[in-house]
Amino acid sequence: MSRAAVAQAVRPRLGRVALTGIVATVVAAAVTTAGGALAKAAGVDFEIPDGGESIPVAGFTSVTTMLSLAGVAMALGLARWSPRPAAWFVRVAVTLTAVSLVPPLVVGASAATALALIALHLVAAAVMIPALARSLR
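Residues numbered from 1 in each chain as written. Predicted model: local features only at pLDDT ≥ 70, side-chain atom pairs only at ≥ 80, totals over all residues. Heavy atoms only, no water.

Enquirer: Describe the packing of aromatic side chains, with residues and values.
Expert: Summed over all chains, the structure comprises one aromatic pair. Residues phenylalanine 46 and phenylalanine 60 carry aromatic rings whose centres are separated by 4.9 Å and whose planes lie at 65° to one another, so their mutual orientation is edge-to-face. In this pair, phenylalanine 46 is assigned in the loop between α2 (14–41) and β1 (47–48) and phenylalanine 60 in helix α3 (residues 57–81), connecting sequence segments 14 residues apart. Take phenylalanine 46 and phenylalanine 60: they sit in the same class, and that class is buried. (Phe/Tyr/Trp six-rings, centres within 6.5 Å; stacked < 30°, edge-to-face > 60°. Helix = DSSP H or I, 4+ residues; strand = E, 2+ residues; numbered from the N terminus. Buried < 20%, exposed > 50% of the residue type's maximum accessible area, 1.4 Å probe, protein only.)

In structure tokens, the structure reads:
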């Protein structure tokens, strides 16, 4: 068997990665939206001082969906072109998650808002990263 045939045989099926990613995106968006709603009900204002506006609960749904789908696209690209897609996906996704934790700390939001935003970032990552990494194996 040729080297290309062996590489193709061990690569994950793109359809499986896409389906897993879409399901994980729906779950991550639902969980972060529920978490955001619970935090608001508990008194977190989600106000960002730069504009003085509060992040609406629907904002958690849309941002989580958009960024999760970007992660799915990255996973699909790695599944197609990387010899070790799961390992590379985890490395990049964990790095991007770490970077995403910085803005809530530097925008001047209240401690409760910053903590809630960090927790919601970590919840979304906890749903997306393992699901996509498993589908890439």
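There is more to say, and it comes next.
Enquirer: I'd like to hear about the layout of surface pockets, residue by residue, with values.
Expert: Roughly 800 Å³ of volume is contained in the largest pocket. Val63, Leu67, Ser100, His121 and Ala124 are the residues nearest the centre of the largest pocket, which is lined by 27 residues in total. Listing elements by their share of the lining of the largest pocket, those giving two or more residues are α3, α4 (85–100), α5 (103–106) and α6 (111–135). Take the lining of the largest pocket: its biggest share by element is nine residues, from α3. (1 Å grid on protein atoms, 1.4 Å probe; cavity = no way out; pocket = protein on both sides within 12 Å on 5 of 7 lines; lining within 4 Å. Points joined across faces, edges and corners; volume = space filled by probe spheres on them.)

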